[in-house]
Amino acid sequence: SSASTPIRATLFPGDGIGPEIAESVKQIFLAAEVPIEWEEHYVGTEIDPRTQSFLTWESLESVRRNKVGLKGPMATPIGKGHRSLNLALRKELNLYANVRPCYSLPGYKTRYDDVDLITIRENTEGEYSGLEHQVVRGVVESLKIITRQASLRVAEYAFHYAKAHGRERVSAIHKANIMQKTDGLFLKCCREVAEKYPEITYEEVVIDNCCMMLVKNPALFDVLVMPNLYGDIISDLCAGLIGGLGLTPSCNIGGGGIALAEAVHGSAPDIAGKNLANPTALLLSGVTMLRHLDLHDKADRIQNAILNTIAEGKYRTADLGGKSKTSEFTQAIIDHL
Ligand code: NAD
């Protein structure tokens, strides 16, 4: 219900196309009379010693306090010697699971019209532990960390999600035949959790075979749970099945009930500042956030307006083969509300 006091939520417009698509979200939420008051936070220009990154401590506190937020893409300069902003956020806020729904959009034709997948990515460790060093010149080493604690936690989340959303199957994606210890432990944890959910079918699929199956027939899968790097790759593959990165939302689930929604895509420097970006992915991430807040009426209204605008086909951004600017597409959605 739309209470009289608005809900405070943190908004990181982010880098590149971030501010343009965040503007689109703000306008559409305003037009739909969503009872949210945004607390906007920008990434700083200097490293904050308290977070060891360009994210300020105040920004992190804002998310901790509000427990809900929406984040635009944040660019990571390669090899500049400081923590990636996204890694800092995930670590500092303990964002342990990244949920990425991916479904065919009615009215937007791709090779498949029956995609309905949920990718759940472990978000705090694995290949993203940031432990890389040079052993001797010409030899570098990177540590992939898998812990029982983080694996059980993401597996729990995946099964809980499956049950809560009426899903039938959870597939653990791995390469345990080669990564015997790390992926082996991940699978062991998934199996333990699976035993607590006898009503949900559990299976294990090797990642290379999973890629082949997804491309051949995505309807073979339901909920997929996997370590960090595999989740990164598989979710982009899934985005490609339904029309690209401009469309796929996600939500980061963190300790203490934090939900920080964000698009799957990055800052798209090639089209930034040109009013060309597709705001759909960030908008649908915002819809995920509304559902987390139990604002289902608003979520449905906005989601339908987006899907109807895309299905109608009159206003589409360039990534979907259209000619509309970000602002024109945004206005068309507002007209559909
Ligand atoms: P990207 O997702 O930014 O772009 C890949 C391609 O998809 C580009 O051609 C881009 O134009 C297109 N694209 C992405 N989003 C789009 C949208 N909304 N509408 C239309 N087209 C869109 O990936 P990249 O180029 O590899 O990364 C750029 C920067 O973003 C890097 O610094 C990277 O570290 C960062 N990044 C951040 C996040 C995040 O904040 N979660 C995720 C991925 C990448």
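Structure first, text after, so check above.
Residues numbered from 1 in each chain as written. Predicted model: local features only at pLDDT ≥ 70, side-chain atom pairs only at ≥ 80, totals over all residues. Heavy atoms only, no water.

S.K.: Looking at this model, I keep getting lost on the site of the ligand. Mind explaining?
M.R.: The ligand sits among 21 residues. The nearest are Met 74, Thr 76, Gly 266, Ala 268 and Asp 270. Gly 266 is positioned with one of its backbone polar atoms (N or O) 2.7 Å from an oxygen atom of the ligand. Here the ligand has 810 Å² of accessible area as a free molecule, and 68% of this is covered by the chains. Across the shell around the ligand, the residue classes break down as ten nonpolar, seven polar and four charged. (Near = heavy atom within 4 Å. Polar contact = N/O pair within 3.5 Å; in protein donor to acceptor, adjacent residues only side chain to side chain. Areas by Shrake-Rupley, 256 points an atom, 1.4 Å probe, with all protein chains shown as cover. Nonpolar A, V, L, I, M, F, W, Y, C, P; charged D, E, K, R; others polar.)

S.K.: Got a minute to help me understand helix H2 (residues 57–66) in this structure?
M.R.: Every buried residue of H2 is listed here: Ser 59, Leu 60, Ser 62, Val 63 and Asn 66. All buried residues of H2 lie within an arc of 150 degrees about the axis, which places them on one face of the element. In this structure, the buried residues of H2 make contact with strand E1 (7–12), strand E2 (36–40), strand E3 (68–71) and helix H3 (85–92). Within two residues after H2, Lys 67 carries a phi angle of roughly 65 degrees, on the positive side. (Buried < 20%, exposed > 50% of the residue type's maximum accessible area, 1.4 Å probe, protein only. Helix = DSSP H or I, 4+ residues; strand = E, 2+ residues; numbered from the N terminus. Arc of directions from axis to C-beta. Contact = heavy atoms within 4.5 Å.)

S.K.: In this structure, what is going on with the pattern of salt bridges? I would like to understand it.
M.R.: Note on pairing: side chains with opposite charge can pair once their charged atoms come close. Per the counting criterion, the structure on display carries 24 salt bridges. A salt bridge links Asp 116 to Arg 167, with the shortest nitrogen-to-oxygen separation between them at 2.9 Å. Remark: Arg 167 occurs in the loop between helix H4 (148–164) and strand E8 (169–174) and Asp 116 occurs in strand E5 (residues 116–122); sequence separation between them is 51 residues. Notably, a salt bridge pairs Asp 208 with Lys 175, separated by 2.9 Å at the nearest N-O pair. Taken as a pair, Asp 208 in helix H6 (residues 207–216) and Lys 175 in the loop between E8 and helix H5 (182–194) lie far apart in primary sequence, 33 residues in all. We classify Asp 208 as partly exposed; its relative accessible area is 44%. Ionic contacts of the salt-bridge type, sharing partners, join the residues Arg 8, Glu 37, Glu 39 and Arg 65 into one network. (Salt bridge = Lys/Arg side-chain N within 4 Å of Asp/Glu carboxyl O.)

S.K.: I would appreciate a short explanation of the environment of Arg 291 in the present structure.
M.R.: Structurally, the position occupied by Arg 291 is in helix H8 (residues 280–292). Among all residues touching Arg 291, those that are not within four sequence positions of it are His 296, Ala 299, Asp 300 and Gln 303. One polar contact links Arg 291 to His 296, side chain to side chain, over a distance of 3.4 Å.

S.K.: How should I be thinking about unusual backbone geometry in this particular structure?
M.R.: It is generally the case that most residues other than glycine have a negative phi and that most peptide bonds are trans. Even without being a glycine, Glu 33 presents a positive backbone phi close to 55 degrees. By secondary structure assignment, the location of Glu 33 is in the loop between helix H1 (18–31) and E2. In this structure, Asn 275 is a non-glycine residue whose phi angle is positive, near 60 degrees. Note that Asn 275 resides in the loop between strand E12 (259–263) and H8. The exposure class of Asn 275 is partly exposed, given its relative accessible area of 27%.

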